[in-house]
Number of protein chains: 2
Amino acid sequence: MKIFYSETHRQHDPAFEVFDGGQRVPYLESPERMDRILNALRKTDWADFEEPRDFGLDPIRAVHSDAYLTFLASAWTEWLGASPETSAASDKTALLPATFAAKRDQMPESILGKAGFFLLDLSVPVVEGTYAAALASANCALSAAQAIAPIAQSPNSHPLSPIPNLRLPPSAFALCRPPGHHAGREIAGGYCFLNNAAIAAQWLTQFGKIALLDVDYHAGNGTQDIFYSRSDVLTISIHADPSFEYPYYAGYATETGEGAGLGFHHNYPLPTGIDDAAYLQTLAHALGVIADYRPSSLVISLGVDAYEHDPLGTFKITRNGFTGIGQRIAALGLPTAIIMEGGYNTDALGENVAAFLQNFR
Amino acid sequence: MKIFYSETHRQHDPAFEVFDGGQRVPYLESPERMDRILNALRKTDWADFEEPRDFGLDPIRAVHSDAYLTFLASAWTEWLGASPETSAASDKTALLPATFAAKRDQMPESILGKAGFFLLDLSVPVVEGTYAAALASANCALSAAQAIAPIAQSPNSHPLSPIPNLRLPPSAFALCRPPGHHAGREIAGGYCFLNNAAIAAQWLTQFGKIALLDVDYHAGNGTQDIFYSRSDVLTISIHADPSFEYPYYAGYATETGEGAGLGFHHNYPLPTGIDDAAYLQTLAHALGVIADYRPSSLVISLGVDAYEHDPLGTFKITRNGFTGIGQRIAALGLPTAIIMEGGYNTDALGENVAAFLQNFR
């Protein structure tokens, strides 16, 4: 299985985030997460690592606004250069706003005003290498999308790798960091800056309808935001009920799309304590919706924070559970690009990802 | 001059706030601020201190939503009781959210979800006594409003104090803490929980049209929010341009009201470095708008953070400047309720407030 990975993620290494209650804690979405996944995948006989290709900005601009991308590109230097007289902050370890936009009709000119406009929580500190890491992460997702794209219809002239097993539909894994599914069209949050899965899905729409299934423990609110009024990308998210869990303000069952997209978004909010059996039951329903949609290919937002011992989760999914979840999804028989999202139990992270992926070999 | 003050403000004494960049700092809007103002006023021969009357919730509910008031009333106990499994936060020194509502169409059930829905920046930590202090502060504002209300038209049966100088229109000062002008209909921010000035203005509308002038260094975004579609309360704010200064997302010159309120809100955003002369020029324009409106009385949001040595400000207003500002406003000859807002140079705070108030004796 092709696995797209770039070392550039290490440039995004904030020293801290701020938890509820106002306490600074070490950044949980750490570079170590990737090391653990790499170690587990290297132990298998099917992991075929590859550097991502650089797709340029166009496929990213198809998902995120220019104002937002300009902000991400220049935020760090603007923050370093910001006059101290306009802010009481003197500690410039990371750009993290203290004031957030309740109204979005006016974007301020100052870097702190823009930060509170585009960064909507305290887990997206911007450091010097954040933008470079986010771009490399998006390129991993785009590379995985390209790896599963139908060769004949590909508009790109460069040669594609041959598909290893012609009896199986193609699949590829983007080992993305930072993750992406909480990033909206022009909002960063929940460790996410660019929505890698959405960027991959958007790129794949040139070949037909796409289904995007999000199995991360947290609602894929960014993905929901990006495709909410579209019918050519079916988006489905299975997650902890936002009435008690991050991201709180989206991911409700009543949110089913709008305009042309009405009926093409589905949220499955679940209570705490969900076990493998209960999860697989919900998943079966979601997979039925995907099968009915008849997409040309599938994008998976793979978080493994539904794991029973995840520090940010409340679900009870076991390693066997992740094997089962992967198995059911693979059984759809669709070309599948799997995009890495969350998962914070570093000890178990790699094995849980491998348990899911082994079904797609 | 009647000065309404309650010791209850001391119950709101958060240990810290979080500045831009994610650093915890001692809470700048401290109880000491009141001590400094009390000391300065006690040195004068015209300060007549009085406890506020309790007006109950009705005049507060006329300005803030029930959902918001319910949140403020129960937030602390809900936060203490919140299950640790729904949050990675273990430090419960203060309720301060880490995730903020970019969308406001769904209010989550959990305390952290509600916190990020109602508290939009990191300077409004909720502690055990926050709600009691905010209520007492609002009652100070209401008491000042009542003190300037026309006796004949007062719907309250209890006796009002006689006006000391019958040749001058009545005035009163509400020594409010926490301040109020950043609090919107259902949003806390910038050290503000209940919008004391708006509550006073709303109460006074029973006697006729009201003008509310905000001279705090920061835009009165909460007041703007509350009266934005109404013509019976003219709201005017003179402040640092939000394109570079807190509150960033409102206070722009283009925001002039909506619907029936169109033309009844005015923002005067000013650049850094404004001195007394430049300020008085802008003030003269604002006072002209107020005179044309012919209000039955006036409410002043009095912040003295435009002071040349304020740690949060960039203006260059001197003590003489505050005397001049008070003089010009008093010259309108309107019944005036003056409501304390910001000002963070504790050494100069009391004298600056006294310099302003002396014009209203």
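Only a predicted model underlies this, so the values are computations on that prediction, with no experimental measurement involved.

**Some thoughts on the overall build of chain A**
Along the backbone of chain A there are ten helices and ten strands. What you see for chain A is a C-alpha radius of gyration of 19 Å, in line with the 21 Å of a compact globule of 361 residues. Along the first, second and third principal axes, the C-alpha set of chain A runs to 65 × 50 × 45 Å. Looking at chain A as a whole, 64% of its 361 residues qualify as buried. Nonlocal contacts in chain A, meaning residues at least 24 apart in sequence, comprise 77% of its contacts between residues at least 6 apart. Between the centroid of the 23 positive side chains of chain A and the centroid of its 39 negative side chains there is a distance of 5 Å.

**Here's the deal with the domain arrangement of chain A**
All names here are of chain A. Taken as a whole, chain A is organised into domain 1 (2-59 + 128-360) and domain 2 (66-118). Between the C-alpha centres of domain 1 and domain 2 there is a distance of 28 Å. At the junction of the two partners, domain 1 supplies twelve residues and domain 2 supplies 13 residues. In terms of surface lost to domain 2, no three residues of domain 1 exceed Glu128, Tyr131 and Glu186, which account for 45% of the buried area on that side. One can count zero salt bridges joining domain 1 with domain 2. Summed over the shared surface of domain 1 and domain 2, the result is three residue pairs in polar contact (both at pLDDT 80 or more). When grouped by side-chain class, the residues that make up the side of domain 1 that touches domain 2 number eight nonpolar, no polar and four charged.

**Observations concerning the packing of aromatic side chains**
Per the counting criterion, the structure on display carries 29 aromatic pairs over all chains. Geometrically, the ring pair formed by phenylalanine 117 of chain B and phenylalanine 118 of chain B is edge-to-face, given 5.0 Å between the ring centres and 85° between the ring planes. What makes phenylalanine 117 of chain B buried here is its relative accessible area of 4%. Exposure remark for phenylalanine 118 of chain B: the relative accessible area of 0% places this residue in the buried category. Grouping aromatic residues by their ring pairs yields a cluster made of Tyr68, Phe71, Phe117 and Phe118 of chain A together with Tyr246, Tyr248 and Tyr249 of chain B. Looking at arginine 104 of chain B, its charged tip hangs above the ring of phenylalanine 117 of chain B, at a distance of 4.1 Å from the centre.

**A look at the interface of chain A and chain B**
Counting from both sides, the interface comprises 55 residues of chain A and, opposite them, 55 residues of chain B. Here chain A meets chain B over a buried area of about 4,400 Å², counting both sides, of which 56% is carbon and sulfur. Counting across the interface, chain A meets chain B through two salt bridges. Across the pair glutamate 255 of chain A and lysine 103 of chain B runs a salt bridge, and its minimum N-O distance is 3.6 Å. Put simply, chain A and chain B have 20 residue pairs in polar contact (both at pLDDT 80 or more) between them. Secondary structure elements with two or more residues in the side of chain A that touches chain B: β2 (16-19), β3 (23-26) and α4 (111-118) of chain A.

**Considerations on the relation of the copies chain A and chain B**
Mapping chain A onto chain B calls for a rotation angle of 180° and an axial translation of 0.0 Å; the resulting RMSD is 0.0 Å. The relationship between the two copies is best expressed as a two-fold rotation axis. A share of 100% of interface residues in chain A that are also interface residues in chain B marks the association as one of identical surfaces.

**So, the sheet that holds strand β5 (residues 171-174) of chain B**
All names here are of chain B. Here eight strands make up an open sheet; going across it, the order is β4-β1-β5-β10-β9-β6-β7-β8 and the pairing parallel. Whereas interior strands pair on both sides, the edge strands pair on one side only; in this sheet they are β4 (48-50) and β8 (265-270). Geometrically, the sheet is characterised by an average inter-axis angle of 20° between neighbouring strands, direction not taken into account. Examined bridge by bridge, strand β6 (residues 210-214) and strand β9 (residues 297-302) share five bridges and lie parallel to one another. Residue pairing for β9: leucine 213 is matched across the bridge by isoleucine 300. The strands touched by helix α1 (residues 32-42) within the sheet are β1 (2-4), β4, β5 and β10 (336-340), with β4 carrying the most contacts at an inclination of about 140°. In the packing of helix α8 (residues 276-293) onto the sheet, the strands contacted are β6, β7 (233-240), β8 and β9, and the crossing angle to β7 comes to about 175°.

**What about the pairing of β3 of chain A?**
Residues and elements named next belong to chain A. Note that β2 and β3 share four bridges and pair antiparallel. Considered in β3, the bridge of glutamate 17 is made with valine 25. Between β2 and β3, which follow one another and run antiparallel, lie three residues, and glycine 21 among them has a positive phi close to 95°.

**Re the packing of helix α1 (residues 32-42) of chain A against helix α10 (residues 346-357) of chain A**
Each packed pair of helices is defined by two parameters, the angle between the axes and the distance between the axes. Residues and elements named next belong to chain A. Between α1 and α10, whose axes approach to 8 Å, the crossing angle comes to 50°. Here α1 lies oblique to α10, going by the angle between them. The two elements α1 and α10 meet at a crossing, and its hand is right-handed. Along its contact with α1, which presents Glu32, Arg33, Arg36, Ile37, Ala40 and Leu41, the element α10 presents Thr346, Asp347, Leu349, Gly350, Glu351, Val353, Ala354 and Leu357. Classifying every residue of the contact of α1 with α10 gives seven nonpolar, two polar and five charged.

**Considerations on the pairing of strand β5 (residues 171-174) of chain A**
Residues and elements named next belong to chain A. Of the two faces of β5, both are covered, the one formed by Ser171 and Phe173 as well as the one formed by Ala172 and Ala174. Across three bridges, the pairing between strand β1 (residues 2-4) and β5 is parallel. Within β5, the position partnered with isoleucine 3 by the bridge is phenylalanine 173. Across four bridges, β5 lies against strand β10 (residues 336-340) in parallel orientation. Bridge pairing in β10 links alanine 172 to alanine 337.

About the criteria used
Residues numbered from 1 in each chain as written. Chains lettered and ligands numbered in written order. Predicted model: local features only at pLDDT ≥ 70, side-chain atom pairs only at ≥ 80, totals over all residues. Heavy atoms only, no water. Helix = DSSP H or I, 4+ residues; strand = E, 2+ residues; numbered from the N terminus. Rg over C-alpha atoms; globule rule 2.2 N^0.38 Å. Buried < 20%, exposed > 50% of the residue type's maximum accessible area, 1.4 Å probe, protein only. Contact = heavy atoms within 4.5 Å. Lys, Arg positive; Asp, Glu negative; His and termini not counted. Charge placed at Lys NZ, Arg CZ, Asp CG, Glu CD. Domains from an automatic or database assignment. Buried area = accessible area lost by both parts, 1.4 Å probe. Salt bridge = Lys/Arg side-chain N within 4 Å of Asp/Glu carboxyl O. Polar contact = N/O pair within 3.5 Å; in protein donor to acceptor, adjacent residues only side chain to side chain. Nonpolar A, V, L, I, M, F, W, Y, C, P; charged D, E, K, R; others polar. Phe/Tyr/Trp six-rings, centres within 6.5 Å; stacked < 30°, edge-to-face > 60°. Lys NZ or Arg CZ within 6 Å of the ring centre and 35° of its normal. Least-squares fit on C-alpha atoms with pLDDT ≥ 70 in both. Pairing = 2+ DSSP bridges. Axes fitted to C-alpha atoms, helices over the stretch in contact; angles between N-to-C directions. Parallel < 35°, antiparallel > 145°, perpendicular 65-115°, else oblique. Left-handed = near helix turned anticlockwise from the far one by under 90°.

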